[in-house]
Amino acid sequence: MIKDFTYYTPTRVVFGRESELQVASLVKHEGGTRVLLHYGGGSAVRSGLVDKMRVLLEETGIATVQLGGVVPNPLLSKVREGIALCREQHIDFILAIGGGSVIDSAKAIAYGVPYTTGDVWDFWEGKAVPSTTVPIGCVLTIPAAGSEMSSSCVITHDESLIKRGINSDLCRCRFAIMNPERTFTLPPYQTAAGATDIMMHTMERYFSRYEGMSITDAISEALLRTVMDSTPIVLAEPDNYIHRAQLMWAGSLSHNDLTECGYEKDFATHRLEHELSALFGVTHGAGLAALWGSWARHVLPGHEARFAQFAVNVTRLSPEDNLHDTALAGIETMERFFVGIGMPTSIPQLLGRPVTDNEIAVMVDKCSRGGTITVGSIEKLNTERMAAVYRAANLT
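Calculation criteria
- Counting restarts for each chain, with residues numbered from 1 along the sequence as it is written.
- Only residues with pLDDT of 70 or above have their local features reported here, since the model is predicted, and side-chain atom pairs are shown and tallied only from 80 upward, although totals for entire chains, interfaces and linings are computed over all residues.
- Side-chain calculation: all heavy atoms of the structure are included, whereas hydrogens and water are not.
- Two strands qualify as a pair provided DSSP detects at least 2 bridges between them.
- Here a strand is any run of E in DSSP of at least two residues, a helix any run of H or I of at least four, and the numbering for each starts at the N terminus.
- Between the first and last residue of a helix there are one fewer steps than residues, each counted as 1.5 Å, and that sum is the expected span.
- A 1.4 Å probe rolled over the protein chains alone gives each residue an accessible area, and that area as a share of the maximum for its type sets the label: buried under 20%, exposed over 50%, partly exposed in between.
- Residues count as neighbours in contact if any of their non-hydrogen atoms are within 4.5 Å of one another.
- As used in this structure description, the phrase polar contact means that two N or O atoms lie within 3.5 Å; if the pair is within protein, one of them must be able to donate a hydrogen and the other to accept it, and residues adjacent in sequence are counted only when both atoms belong to side chains.
- Salt bridges are counted wherever a side-chain nitrogen of Lys or Arg sits within 4 Å of a carboxyl oxygen of Asp or Glu.
- For our purposes a nonpolar core is just a set of buried Ala, Val, Leu, Ile, Met, Phe, Trp, Tyr and Cys residues, chained together by side-chain atoms within 4.5 Å.
- Aromatic rings from Phe, Tyr and Trp, taking only the six-membered ring of Trp, are treated as a pair when their centres fall within 6.5 Å; an angle between ring planes under 30 degrees marks them as stacked, one over 60 as edge-to-face, and anything in between as tilted.
- Here the axes come from fitting lines to C-alpha atoms, over the contacting stretch only for helices, and the angles between their N-to-C directions go from 0 to 180 degrees.
- Roughly parallel means an angle under 35 degrees; roughly antiparallel, over 145; roughly perpendicular, 65 to 115; everything else is oblique.
- Should the near helix be turned anticlockwise from the far one by less than a right angle, the crossing is termed left-handed; should it be turned clockwise, right-handed.
- When residues are grouped by polarity, Ala, Val, Leu, Ile, Met, Phe, Trp, Tyr, Cys and Pro land in nonpolar, Asp, Glu, Lys and Arg in charged, and all others, Gly among them, in polar.

*Asks:* Describe the pairing of strand β7 (residues 162–167), naming the residues involved and giving the relevant values.
*Replies:* Of the strand pairs in this sheet, strand β6 (residues 152–157) and β7 are connected by six bridges, and their pairing is antiparallel. Residue pairing for β7: H157 is matched across the bridge by I162. Counting the residues in the hairpin turn of β6 and β7 gives four residues, including L161, whose phi is positive at 55°.

*Asks:* Help me get a handle on helix α5 (residues 100–112), residues and values and all.
*Replies:* One full turn of an α-helix is made of 3.6 residues, so residues set three or four places apart face in the same direction. For α5, built from 13 residues, the straight-helix expectation of 18 Å at 1.5 Å per residue is met to within 8% by its first-to-last C-alpha distance of 18 Å. For α5, the buried fraction is high: 12 of the 13 residues fall into the buried class. All of the buried residues in α5 are G100, V102, I103, D104, S105, A106, K107, A108, I109, A110, Y111 and G112.

*Asks:* Outline the environment of R297, listing residues and values.
*Replies:* With respect to the secondary-structure elements, R297 resides in helix α11 (residues 284–299). By relative accessible area, R297 is classed as partly exposed at 35%. Once the C-alpha coordinates of R297 and G370 are considered, the two residues, 73 residues apart in sequence, prove to be 25 Å apart. In contact with R297, not counting residues within four places along its chain, are L328, I331, E332 and E335. For R297, the side chain forms a polar contact with the side chain of E335, separated by 2.7 Å.

*Asks:* Break down the pattern of salt bridges for me, citing the residues and quoting the values.
*Replies:* Evaluated as defined, the whole model comprises 19 salt bridges. Residue E335 is joined to R297 by a salt bridge in which the shortest nitrogen-to-oxygen separation is 2.7 Å. One end of the pair, E335, is in helix α13 (residues 323–340); the other, R297, is in helix α11, and 38 residues separate them in sequence. The residue R353 makes a salt bridge to E359 at a minimum N-O spacing of 3.0 Å. A relative accessible area of 33% places R353 in the partly exposed class.

*Asks:* How would you summarise the nonpolar core if you had to cite specific residues and measurements?
*Replies:* One finds W292, W295, F307 and M334 to be the most contacted residues of the largest nonpolar core, which totals 56 residues. With nine residues, the single largest contributor to this core is α11. The residues contacting W295, other than those within four sequence positions of it, are F207, D266, A268, T269, F307, I378, L381 and V389. Counting 39 residues, the second largest nonpolar core, distinct from the first, contains I94, F123, C153 and C173.

*Asks:* With reference to specific residues and values, describe the pairing of strand β5 (residues 136–140).
*Replies:* Among the five residues of β5, five are classified as buried, and the element is accordingly described as predominantly covered. As judged from the five bridges shared by strand β4 (residues 93–98) and β5, these two strands associate in the parallel manner. Its bridge partner lying in β5, L95 is registered against G137. Sheet topology places β5 next to strand β8 (residues 175–178); three bridges connect them, and they run parallel. Each bridged residue has a counterpart across the sheet, and for L140 the counterpart in β8 is M178.

*Asks:* An account of the side chain of H255 is needed here, citing residue identities and associated values.
*Replies:* Its location among the elements puts H255 in the loop between α9 (241–254) and α10 (268–280). With relative accessibility at 7%, the residue H255 sits in the buried group. Within the structure, the side chain of H255 is placed 3.2 Å from the side chain of R205, a separation counted as a polar contact. If sequence neighbours within four positions are ignored, H255 has contacts with A145, G146, M149, S150, S152, H201, R205 and F267.

*Asks:* Let's hear about the packing of aromatic side chains: which residues, and what values?
*Replies:* Each aromatic ring pair is summarised here by two numbers: the centre-to-centre distance and the angle between the ring planes. Under the defined criterion, the tally for this structure stands at 16 aromatic pairs. Three or more aromatic residues link up through ring pairs in this structure, and these residues are Y206, F207, W292, W295, F307 and F310.

*Asks:* Talk me through the packing of helix α12 (residues 304–313) against α13; I want residue IDs and the actual numbers.
*Replies:* Between α12 and α13, the least distance of the axes is 7 Å, while the angle of their chain directions is 50°. Taken together, the axes of α12 and α13 lie oblique to each other. In the crossing of α12 with α13, the sense of the turn from one axis to the other is left-handed. The residues of α13 that touch α12, namely those facing E304, A305, F307, A308, F310, A311 and V312, are L323, H324, T326, A327, G330, I331 and M334. A breakdown of the residues in the contact of α12 with α13 according to their chemical character gives 10 nonpolar, three polar and one charged.

Here it is in structure tokens:
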């Protein structure tokens, strides 16, 4: 059965060499006059990109205020700092310069500025629903999270170490500037983790309880094959523009809901990983790789045909004698791909040690919100099944 859907992608994409030179005209088009430049503080500063954006904006009469310091798994404390700064400086547009963490932090700030009757975390607690935001745009430097074209925003609460996401079309970027040359200097581990996140955004939609939308399948399978082909090339040739461009565009297509048309996203692996990265501060893509194989084996019974299709059409395997063997071979092939690009396929490989039973219990409790919710769609995981996936991934 195919799921009814509404497809909405309002983000203007400006893609290619020197595309960042258009930033001032894009901000002006959106009515921005006082812009918060939001960034991490590492490569975006060292490369001169932040300063370049500031100069281009100010030369056209657009005032700028800067806020750096965003970290991977962006923190609520930085969001609150940004909200206060935007209110004080009367910011009317936010420009995120970086990858998914920076963009998500910018989205959260944009939610919080006009919300004066409570704390911005209310949105992640389900106590309030966003009704308006400060408009945002981005200059993308890391293909991974797909936040540049998505409706999602994931933030970590510093004190409770809870990592949660919310979705609203209000936070979609008005524009996304994408110059693949800006990704040439990404470290290999970050490149590989980003590629893993890109693939997982599509795989979390591909493995659905719905079926039959063959055009969406074909798009998803081509996207996954492209990432599998391009990632080893850019790891060997960091300044390969063609394959960096493939990864950058794949990152956007993987999370702008295109690969969800007719289906329903599962995102159990993402939800389970959020607790890993919140508790241990690991790189999100690496955490996904560490969990995916265990999740796939756990939900495989009853879904052999779907996993066998994945094995043949994505990992390019010849069919085995039966669907189950083909499906398992596909999971194993994907895990070998992860290993080949330097990603872990278990929690001990990720952390350097197994997690304890108590740590598993903490992650399960947070993921299930105290046992009140399940996660997943192709199979709904309750607390017992969440724990089973964590335990399977905890084996060396």
